[in-house]
Amino acid sequence: MIPDLVRAGQPGMTPRQAATYADAILHGTASALDPQPRLEFSAELSDSAAPCPGGPGADKMVVVTRCYWLRGITGPQFAAIGEQVLAYWRRLGWVISDTAGIRTRRPVIGAVAPPYAFRVSLEWSAAGGSGLLSLSAASVCLWPERTAGPAE
């Protein structure tokens, strides 16, 4: 179950809430897969305070990214996992933005997950010899230590 972290009347979410929400998205996706992977957190691909790209006030804002390697999934299973992720995200009503390599051992799927417009992806990587799959989620631009911008 993906939590509703921003209540009516609240101006936005904190980076900590964004990390919790991203983790819920990724764990929810993994739990919908068969076989179910073991998620291994990737500290080098995750960031709790990356600079926000462009736009007004972006230099003061951050993007929270969480990434996990899907362990226990082998190359021959990659195509089926890609199809399952795509079907699951479509069932949730997410906007699919990219579907490269579907039905191959190198799936890459991108989507936007409402209601908070997190960017989510399943990506194939050449790491690990025969390759690995990763799931990631990234927030929109957030104010670093509070829930609203300068016009509070």
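Residues numbered from 1 in each chain as written. Predicted model: local features only at pLDDT ≥ 70, side-chain atom pairs only at ≥ 80, totals over all residues. Heavy atoms only, no water.

Engineer: What am I meant to see in the pairing of strand β6 (residues 118–125) here?
Structural biologist: Regular strands have side chains that alternate between both faces of the sheet. The pairing of strand β5 (residues 108–113) with β6 spans six bridges and is classified as antiparallel. Paired with A111 across the strands is V120, a residue of β6. Connecting β5 to the next strand, β6, in antiparallel fashion are four residues, including A117 with a positive phi near 60 degrees. Of the strand pairs in this sheet, β6 and strand β7 (residues 132–138) are connected by seven bridges, and their pairing is antiparallel. Opposite S121, over in β7, you have S136 as the bridge partner. (Pairing = 2+ DSSP bridges. Helix = DSSP H or I, 4+ residues; strand = E, 2+ residues; numbered from the N terminus.)

Engineer: Even after reading the chapter, I still don't get the state of the cysteines, so can you show me in this structure?
Structural biologist: Such a bond, covalent and formed between the sulfur atoms of two cysteines, is termed a disulfide. One pass over the full model with this rule turns up one disulfide. Disulfide pairing places C52 opposite C141 at an S-S distance of 1.5 Å. Note on the C52 and C141 pair: the S-S dihedral is about 65 degrees, so by sign convention the disulfide is right-handed. Residue C52 is found in the loop between β2 (47–51) and β3 (62–71), and its partner C141 is found in the segment after β7; the two are separated by 89 residues along the sequence. (Disulfide = S-S within 2.5 Å.)

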